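# Results of the structural survey
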Amino acid sequence: MKIIRSPKQMQGISKEIKDKGKTIGFVPTMGALHQGHLSLIRRARQDTDVVVVSIFVNPTQFGPQEDFQRYPRPFRKDISLCRSLGVDYIFHPLASWMYPEGFKTYVLVEDLSEVLCGRFRPGHFRGVTTVVAKLFNIVRPDIAYFGQKDAQQAIIIKRMVCDLNFPLKIKVMPIIREEDGLALSSRNIYLSPQERNDACVLSEALRLAQGLVKSGIKDTKKIICHMRALIKKKKSAKIDYIAIVDPKTLKPVKKISGRCLLALAVWIGKTRLIDNLCLKG
Ligand code: AMP
């Protein structure tokens, strides 16, 4: 396994791999790897000849009041996890190489970037699509792997790949959870033991909604109301949003029919957590 720091060098390596007719599987991450990330890497290992994992805490997707500085960076542990899974290359660039002086170009997927998490994190998805577009041009993957955990991100990236004719396939993999339902996230380490308990309320609320839909309730307002009531029982919880939307347009739906995306963002203390579920009417 090689660790590559320069975008130019990575681009050269990718070209050589492609020239040999080999396929590249790519897993973009911000590091602090957990089983969620590892599930994407394992899948890439199965599907493609050469696996590239990027580890880059991307400054342009963090707001000024957000956790860029304190975001966990356990790089040594990440390296050994990648090695144990047979990763071929870790791409770990410096921010100043990704955004050198004079950098002026951003990629924005309109509308989809402004709703749900976009409303509460202005500029976040612009930062995500910009870095992912750059990473795609540097790594030139045949398949790139994303987690359903960040459902809005996956939808936005699929839109970008289609709209900008990136010659690659996006695979979205299921959410990996703790035994008690909490979706794995690099940010879970911020939680105190009490908050860690309270954090289960996100997945509990999703299961509650699923139960309501199964029992025949289709009215999304009603479902969201029940979820709110459950989450509000936790003192540490503050809801950013709960929304039931069309999985392509991210527009709210009134009645559950076909496939809908139920997504929520909730602060537990000072930690913002997200989760989601696909509802079938
Ligand atoms: P991050 O390092 O948080 O940017 O995440 C890198 C990739 O891992 C993204 O595509 C995430 O959606 C995915 N991911 C994060 N957490 C999970 C999880 N619990 N299950 C599956 N995929 C995940």
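See the structure printed just above.
Because the structure is predicted, anything quoted here is derived from the model rather than measured. Residue numbers restart at each chain and count upward from 1, following the sequence in its written direction. Local features are withheld for residues below a pLDDT of 70 in this predicted model, meaning they are given only at 70 or higher, and side-chain atom pairs are given and counted only at 80 or more; totals for whole chains, interfaces and linings count all residues. Only hydrogens and water are set aside when side-chain values are computed; all heavy atoms of the structure are taken into account.

### Some details on the overall build of the protein
Applicable threshold: Elements are defined by DSSP. Helices are runs of H or I of four residues or more, strands are runs of E of two residues or more, and each kind is numbered from the N terminus. This radius of gyration counts C-alpha atoms alone. The globule rule is 2.2 Å times how many residues there are, raised to the power 0.38. Burial classes follow relative accessibility: with a 1.4 Å probe on protein chains only, a residue under 20% of its type's maximum area counts as buried, one over 50% as exposed, and anything between as partly exposed. Between two residues, a contact is recorded if the distance between any of their heavy atoms is within 4.5 Å. Values of accessible area rely on a 1.4 Å probe in the Shrake-Rupley scheme; residue burial ignores everything except the protein chains shown. We score Asp and Glu as negative and Lys and Arg as positive, and we do not count His or the chain ends. By convention, charge coordinates are those of NZ in Lys, CZ in Arg, CG in Asp, or CD in Glu.
Looking only at helices and strands, one finds 10 helices and nine strands in the protein. What you see for the protein is a C-alpha radius of gyration of 19 Å, in line with the 19 Å of a compact globule of 281 residues. Its C-alpha atoms give the protein principal-axis dimensions of roughly 55 × 40 × 40 Å. When burial is assessed residue by residue, the protein has 53% of its 281 residues classed as buried. In the protein, 72% of the contacts between residues at least 6 apart in sequence involve partners at least 24 apart. Just so you have it, the protein exposes about 14,200 Å², and 52% of that area is on carbon and sulfur atoms. The averaged location of the 25 negative side-chain charges in the protein is 2 Å from the averaged location of its 48 positive side-chain charges.

### Remarks on the nonpolar core
Which entries qualify depends on this criterion: To define a nonpolar core, start from buried Ala, Val, Leu, Ile, Met, Phe, Trp, Tyr and Cys residues and group those joined through side-chain atoms within 4.5 Å.
Core analysis: the largest hydrophobic core is formed by 46 residues, its most contacted members being M10 and F136. It is helix α6 (residues 124–139) that provides the largest number of residues to this core, a total of nine residues. Not counting the four nearest positions on each side in its chain, F136 is found in contact with F26, P141, A144, F146, I157, M160, V161, F166, L168 and I170. A205, I244, L277 and L279 belong to the second largest nonpolar core, which has 27 residues in total.

### Points about the side chain of H37
Here H37 lies in helix α2 (residues 35–47). Classification of H37 as buried rests on a relative accessible area of 13%. Apart from the residues lying within four places of it in its own chain, the contact partners of H37 are T29, G31, A32 and S186.

### Points about the sheet that holds strand β2 (residues 24–29)
Quick note on the threshold: Paired strands, as defined in this entry, are two strands with at least two bridges between them according to DSSP. Each axis is a line fitted through C-alpha atoms, taken for helices only over the stretch in contact, and angles between the N-to-C directions span 0 to 180 degrees.
Here six strands make up an open sheet; going across it, the order is β1-β4-β3-β2-β5-β6 and the pairing parallel. A strand with exactly one partner marks an edge of an open sheet, and here the two such strands are β1 (2–4) and β6 (169–173). Direction aside, the axes of adjacent strands within the sheet are offset by 25° on average. Along the sheet, helix α7 (residues 151–163) contacts β5 (143–147) and β6; its crossing angle with β6, the most-contacted strand, is approximately 170°.

### Observations concerning the side chain of E195
The following threshold applies: Within this document, salt bridges are pairs made up of a side-chain nitrogen of Lys or Arg and a carboxyl oxygen of Asp or Glu, the two lying within 4 Å of each other. In the analysis that follows, any N or O atom pair within 3.5 Å is treated as a polar contact, provided that within protein one partner can donate a hydrogen and the other can accept it, and provided that, for residues neighboring in sequence, both atoms belong to side chains.
Tracing the backbone through its elements, the reader meets E195 in helix α8 (residues 193–198). This buried residue, E195, is left without a salt bridge; K270 holds the nearest opposite charge, at 7.7 Å. In terms of polar contacts, E195 uses its side chain to reach the backbone amide nitrogen of S192, at 3.0 Å. Once you skip the residues sitting within four places of it in the chain, E195 turns out to touch Y190, I268, G269 and K270.

### A word on the pattern of salt bridges
Per the stated rule, a full pass over the model turns up 13 salt bridges. D19 serves as the salt-bridge partner of K15, at 2.8 Å between the closest nitrogen and oxygen. Of the two residues, K15 and D19 are both situated in helix α1 (residues 7–19); the distance of four residues between them amounts to about one turn of the helix. You can call K15 partly exposed: its relative accessible area is 44%. D19 sits in the exposed class, given a relative accessible area of 55%. One salt bridge connects D219 with K255, and the closest N-O pair in it is separated by 3.7 Å.

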